[in-house]
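Here are the chains, one letter per residue:
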Amino acid sequence: ANASSDCYEVLSDCMKRADIGASSGYAVVYECIRTITKIYPNPHLLESAADAISRFMEARSYNLKYIGITGLAATVESHPQY
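Since the structure is predicted, the reported quantities are computational estimates derived from the model, not experimental observations.

Q: Lay out helix H1 (residues 2-17) in plain terms, naming residues and giving numbers.
A: The end-to-end C-alpha distance of H1 is 24 Å, a good match for the 22 Å that 16 residues give at a rise of 1.5 Å each. The largest bend in H1 amounts to roughly 30 degrees and is located at Tyr8. Listed in full, the buried residues belonging to H1 are Ser4, Tyr8, Leu11, Ser12 and Met15. On its buried face, H1 is in contact with helix H2 (23-38) and helix H3 (43-58).

Listed below in structure tokens is the structure:
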């Protein structure tokens, strides 16, 4: 839990600063989502991940929709209560 709490601020900043609209930004956000689902749960980060997942799923690109579904599956698998 201690190591996870050290990551919370970094992940939050990465989620806010990643440029959604560029391929590299999508990749950074997706990796943040994967990390958030693997560490000790933080409700604020899980909410940020859910927001990012919804943006992926609302995108026109089927590749981004797939990333959203994959992120959603990872979230549900590791934290079903959210």
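Q: Give a detailed account of the side chain of Asn42, specifying residues and quantitative values.
A: With respect to the helices and strands, Asn42 occurs in the loop between H2 and H3. Of note is the side chain of Asn42, whose polar atom sits 2.9 Å from the backbone nitrogen of His44.

Q: So what's going on with the pattern of salt bridges? Residues and values would help.
A: Counted according to the given criterion, the structure contains one salt bridge. Across the salt bridge formed by Glu31 and Arg34, the nearest N and O atoms sit 3.6 Å from each other. Residue Glu31 and its partner Arg34 are located together in helix H2, separated by three residues, close to a single helical turn. Overall, Glu31 belongs to the partly exposed group, its relative accessible area being 40%.

What counts, and where the lines are drawn
- Residues numbered from 1 in each chain as written.
- Predicted model: local features only at pLDDT ≥ 70, side-chain atom pairs only at ≥ 80, totals over all residues.
- Heavy atoms only, no water.
- Helix = DSSP H or I, 4+ residues; strand = E, 2+ residues; numbered from the N terminus.
- Expected span 1.5 Å × (residues − 1).
- Bend = angle between axes of the 7 residues up to and from the residue.
- Buried < 20%, exposed > 50% of the residue type's maximum accessible area, 1.4 Å probe, protein only.
- Contact = heavy atoms within 4.5 Å.
- Polar contact = N/O pair within 3.5 Å; in protein donor to acceptor, adjacent residues only side chain to side chain.
- Salt bridge = Lys/Arg side-chain N within 4 Å of Asp/Glu carboxyl O.

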